[in-house]
Protein chains: 2
Amino acid sequence: MAGRNESNRSITNVAALANVSIATVSRVLSGKRTKDDDIARRVRAAAEQLNYSVNYAASALRSTITNTIGLVIPSATETFSAQLLDEIEPTIDVDSQQLLLGIGPNQAAQGERIASLVARHVDGLIVVPAAGADLTEILEQYAGTLPIVQVGGRQRSFHTSMVGIDEDAAMEMTIGHLADQGIESVAYMAGKEISFESAELFAMFHTQVRAHHLKTQADWNRFGERSVQRGFDCAMRLFSEPLVQPEAVVCADDTIAFGMMVALHALGLRVPQDVLIVGYNDSPIASTTMPTLTSVRPPFQQIVSEALRLIALGPEHPAHVSLPPQLIVRDSTVVAR
Amino acid sequence: MAGRNESNRSITNVAALANVSIATVSRVLSGKRTKDDDIARRVRAAAEQLNYSVNYAASALRSTITNTIGLVIPSATETFSAQLLDEIEPTIDVDSQQLLLGIGPNQAAQGERIASLVARHVDGLIVVPAAGADLTEILEQYAGTLPIVQVGGRQRSFHTSMVGIDEDAAMEMTIGHLADQGIESVAYMAGKEISFESAELFAMFHTQVRAHHLKTQADWNRFGERSVQRGFDCAMRLFSEPLVQPEAVVCADDTIAFGMMVALHALGLRVPQDVLIVGYNDSPIASTTMPTLTSVRPPFQQIVSEALRLIALGPEHPAHVSLPPQLIVRDSTVVAR
DNA sequence: TTGTACGCGTTATCAT
DNA sequence: ATGATAACGCGTACAA
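Rules behind the numbers
Residues numbered from 1 in each chain as written. Chains lettered and ligands numbered in written order. Predicted model: local features only at pLDDT ≥ 70, side-chain atom pairs only at ≥ 80, totals over all residues. Heavy atoms only, no water. Near = heavy atom within 4 Å. Polar contact = N/O pair within 3.5 Å; in protein donor to acceptor, adjacent residues only side chain to side chain. Helix = DSSP H or I, 4+ residues; strand = E, 2+ residues; numbered from the N terminus. Expected span 1.5 Å × (residues − 1). Buried < 20%, exposed > 50% of the residue type's maximum accessible area, 1.4 Å probe, protein only. Salt bridge = Lys/Arg side-chain N within 4 Å of Asp/Glu carboxyl O. Contact = heavy atoms within 4.5 Å. Nonpolar A, V, L, I, M, F, W, Y, C, P; charged D, E, K, R; others polar. UniProt positions renumbered as here; feature names shortened; annotations may be inferred. Buried area = accessible area lost by both parts, 1.4 Å probe. Pairing = 2+ DSSP bridges. Least-squares fit on C-alpha atoms with pLDDT ≥ 70 in both. Arc of directions from axis to C-beta. Axes fitted to C-alpha atoms, helices over the stretch in contact; angles between N-to-C directions. Phe/Tyr/Trp six-rings, centres within 6.5 Å; stacked < 30°, edge-to-face > 60°. Domains from an automatic or database assignment.

An unreviewed UniProt entry lists chain A under the name LacI-type transcriptional regulator, from Bifidobacterium dentium.

Below, the structure written as structure tokens:
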């Protein structure tokens, strides 16, 4: 009671209490000592008794391992990043690592965050690029120093790792599922034209439509932004006049799909009896629309475990991984027979 | 080229290049030296030339200031936490501080995250308690060691700071706005009954209803969960039979409001012509519903700056702050005249 | 005001 | 396998 109240908290005290050297304590607690003999138990008991936990600053200073993972996302209100966050944090934490978060809505801001995190000597860096951001140059700058994993996006560097979604598989599942429902024509609401990703997906859509002997029309399928308003407007354009109309619509985002459903409802068309709708991202709204929305769910869990595996591998062995998503079938594509 | 490639990165090299001692470099770069003479400029130039940045581990080890803020939230997919994240990260970053994120969906998980962050010696801790979690005991354990700010929630400890929303003001603005629109009766869809918060809000609702000479009925107002389904069900119950119906409904969450709007649309009732709807949280869906939803917006910016201010004050002076929210008026409560 | 020298708590190295 | 000791990079008390 007379002494300081925090002086317990050093490895020296644990060593003294366990009657071993500080080196042994360090080795036991960091798992660099295989045996589980009396000494090991004594050390662990002493550590627990003193409520000791390593000083990460000191540890990092000596070993250059900080037990931190850096994550850079464009925004937490974007559902993909939010779901990734919820998946990644508990996974990291069991390893007694910690998550250092950077948020940057555009290329410049993301570059700053990346630089900050690198300066912090994070053990690995996971980056979800903002829409339209090209981080290749920035990332390559650090690629030799620490393992970097880019999640999604398009730019590919052979010096950084990349974990993406197998969009080919996604499109195949989606169109295949619609064909199974007996529809014969389908439209596609693509993302923004400037993005190379959108163009690639657009091509995949047509490939799959042909493969399943479905019909589509050039004037049905447009590029545009991922918003409710856009979906609403497109549905109004497509379905308000008595032209030839698609029996199903695939959307590049759940928000677009949601907007379409609102418009269809207003027009007196029923989902899925009159039109089938598929979304993308399996955001929280997908299960709350009425009817509930069939959507492509990114494989968050696999993305996270792959990213962490690649980081554990170190910066010397960058790899590019494509993971198949899951099609969550809900009411918007299932017609009762 | 023959030497190591990272040996630039120490204060010693900067000192050598600027022809001063490491102590001077330290003082200049940490701002503990007021003058801006030739020496200061030489040091800064040298630091920039070598692309030097302090080693936070070494700095933390020496000074016990880690330049990190810990944040614990229940989930990133919850809109309140997500919006808080988007607001807090850029604010922290300008101070060259970093955000250490912990996610815990319940009391036990949050306790673990808090302990981890404290072990990391974060300079301050901001906690958004999970629904129903009582973190008082856990937080008080560390309250003497570091500044802690609880955001929202109910438990109050005089050893930790607290930043909350002035719900009284929120309810006053909401009911006042509805009264201004000329309505005479209003219903309230409260949160879960077990939460003391919900009960308090329920009471405030009645106080404000009386203050504005409006009518309400006991069987209109129910406690329940914050979900789309709940809103849908309640609207069906309230409006499908030809009973006396409220002219406006105040909801404890945007999701409830959204569910109600879907149900009202299905019943052929128009918002706002037949029923006025107000939500809470100003989540992203509020601006995408049709019509757009009037909603109470938590003062994220003030919450963040208050929390950081209280952290800067240190653990000795805990304070409890209540901040007035903003009523974002949209189409769901504005009747054209 | 500036420089010297020590110590923060840990891990790595080198004997034993 | 274990113990003694150096070294990691920085901030600051102290001397100049």
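The next subject is the protein's contact with DNA strand C. Around DNA strand C, 25 residues are found, and the nearest of them are A:Ile11, A:Ser26, A:Tyr52, B:Arg33 and B:Arg62. Protein-adjacent atoms of DNA strand C, using a 4 Å cutoff, are sugar or phosphate at a proportion of 59%. In the model, a phosphate oxygen of DNA strand C is placed 3.1 Å from a nitrogen or oxygen of the A:Lys32 side chain. Take A:Tyr52: an N or O atom from its side chain is 2.4 Å from a phosphate oxygen of DNA strand C. Residue assignment for the surface near DNA strand C shows that the elements contributing at least two residues are α2 (22–29) and α4 (56–63) of chain A together with α2 (22–29) and α4 (56–63) of chain B.

Residues and elements named next belong to chain B. Across its 14 residues, helix α8 (residues 167–180) extends 20 Å between first and last C-alpha, which sits within 8% of the 20 Å expected from 1.5 Å per residue. Those residues of α8 that sit buried are Glu167, Ala169, Ala170, Met171, Thr174, Ile175, Gly176, His177 and Leu178. N-capping of α8 is provided by Asp166, with a side-chain oxygen placed 3.2 Å from the backbone N of Asp168. Immediately beyond the C-terminal end of α8, within one or two residues, lies Gly182, with a positive phi of roughly 90°.

This paragraph deals with the pattern of salt bridges. For the coordinates displayed, the defined rule picks out 19 salt bridges over all chains. Among the ionic pairs, A:Arg113 bridges to B:Glu89, the shortest N-O distance being 3.0 Å. Taken as a pair, A:Arg113 in helix α6 (residues 107–119) and B:Glu89 in helix α5 (residues 79–93) lie in two separate chains rather than in one. The salt bridge partner of A:Glu306 is A:Arg309, with a shortest N-O separation of 3.0 Å. Of this pair, A:Glu306 and A:Arg309 both sit in helix α12 (residues 300–313), 3 residues apart, which is roughly one turn of that helix. Relative accessible area serves as the criterion here: at 15%, A:Glu306 is assigned to the buried category. Among the charged side chains, a salt-bridge network with shared partners connects A:Glu89, A:Asp93, B:Glu112 and B:Arg113.

Here we take up the environment of A:Asp274. Residue and element names in this part refer to chain A. Among the secondary structure elements, Asp274 is positioned in the loop between α11 (254–266) and β8 (276–280). Counting along the chain gives 28 residues from Asp274 to Pro246, while the straight-line C-alpha distance between them is 9.6 Å. What Asp274 contacts, discounting residues up to four positions off in sequence, is Glu247, Gly268 and Leu269. At 2.6 Å, the side chain of Asp274 and the backbone nitrogen of Arg270 are in polar contact.

Our next topic: the protein's contact with DNA strand D. Taken together, 21 residues surround DNA strand D, and among them A:Thr24, A:Arg33, A:Ile39, B:Ile11 and B:Tyr52 come closest. Note that a phosphate oxygen of DNA strand D is positioned 2.9 Å from one of the side-chain N or O atoms of B:Lys32. Residue assignment for the surface near DNA strand D shows that the elements contributing at least two residues are α2 and α4 of chain A together with α2 and α4 of chain B. The residue makeup of the surface near DNA strand D, split by class, is 10 nonpolar, 6 polar and 5 charged.

We now examine the UniProt feature "domain: HTH lacI-type" (unreviewed entry) in chain A. Cross-referencing UniProt, the feature "domain: HTH lacI-type" (unreviewed entry) maps to residues 9–63 of chain A in the present numbering. Secondary structure within residues 9–63 of chain A divides into 65% helix and 0% strand; the distance between the first and last C-alpha atoms comes to 20 Å.

Another aspect to go through is the interface of chain B and chain A. Taken together, the contact between chain B and chain A spans 45 residues of the former and 44 residues of the latter. Summed over both sides, the interface of chain B with chain A buries roughly 3700 Å², with 63% coming from carbon and sulfur. The three residues of chain B that bury the most area against chain A are B:Gln98, B:Arg120 and B:Met290, which together make up 17% of that side's buried surface. One can count 4 salt bridges joining chain B with chain A. Taken together, the connections running from chain B to chain A amount to 21 residue pairs in polar contact (both at pLDDT 80 or more). Those elements that provide at least two residues to the side of chain B that touches chain A are α4, α5, β2 (98–103), α6 (107–119), α10 (228–239) and α11 (254–266) of chain B. Per-element accounting of the side of chain B that touches chain A gives the leading share, 7 residues, to α5(B). When grouped by side-chain class, the residues that make up the side of chain B that touches chain A number 22 nonpolar, 17 polar and 6 charged. Here strand β2 (residues 98–103) of chain A pairs with β2(B) via 3 bridges, running antiparallel.

A separate point is the relation of the copies chain B and chain A. Take chain B, turn it by 180°, move it 0.0 Å along the axis, and it overlays chain A with an RMSD of 0.2 Å. Here the copies are linked by what is in effect a two-fold axis.

Considered for burial, the residues of α2(A) that qualify are A:Thr24, A:Val25 and A:Val28. One side of α2(A) carries all its buried residues, which in axial view fall inside an arc of 100°.

A few words on the side chain of B:Gln98. Relative to the assigned elements, B:Gln98 resides in strand β2. The exposure class of B:Gln98 is buried, given its relative accessible area of 4%. With residues near it in sequence (within four places) discarded, B:Gln98 still touches A:Leu100, A:Leu101, A:Ser116, A:Leu117, A:Arg120, B:Asn67, B:Thr68, B:Ile69, B:Ile92 and B:Asp93.

A few words on the sheet that holds strand β8 (residues 276–280) of chain B. All names here are of chain B. Reading across from one edge, β6-β7-β8-β9-β11 is the order of the 5 strands in this open sheet, with mixed pairing throughout. Edge positions in the open sheet fall to β6 (186–189) and β11 (326–328), since each of these has one partner strand only. The sheet shows a mean angle of 20° between the axes of neighbouring strands, direction not considered. Pairing analysis gives 3 bridges linking strand β9 (residues 294–297) to β11, with the strands arranged antiparallel. Counterpart to Val296 in the pairing with β11 is Leu327.

Quick look at the packing of aromatic side chains now. Taken as a whole and assessed by the stated rule, the structure comprises 9 aromatic pairs over all chains. Measuring from ring centre to ring centre gives 6.2 Å for B:Tyr188 and B:Phe202, while their planes differ by 40°; the resulting arrangement is tilted. Taken together, the positions of B:Tyr188 in strand β6 and B:Phe202 in helix α9 (residues 196–211) put the pair 14 residues apart, joining distant regions of the chain. Feature note: the residues A:Tyr188, A:Phe202, A:Phe205 and A:Phe223 constitute an aromatic cluster, connected by ring pairs.

Residue and element names in this part refer to chain A. In this structure, Thr160 sits in the loop between β4 (148–151) and β5 (161–165). Residue class for Thr160 comes out buried when judged on its relative accessible area of 4%. Along the primary structure Thr160 and Gln302 are separated by 142 residues, whereas in three dimensions their C-alpha atoms are 18 Å apart. Setting aside residues no more than four positions away along its own chain, Thr160 makes contact with Leu139, Ala143, Ile148, Pro318 and His320.

Turning our eyes to something else, we now look at the domain arrangement of chain A. On domain assignment, one finds that chain A holds domain 1 (9–53), domain 2 (66–164 + 298–324) and domain 3 (166–297 + 326–331). Placing a centre on the C-alpha atoms of domain 1 of chain A and another on those of domain 2 of chain A gives a separation of 35 Å.

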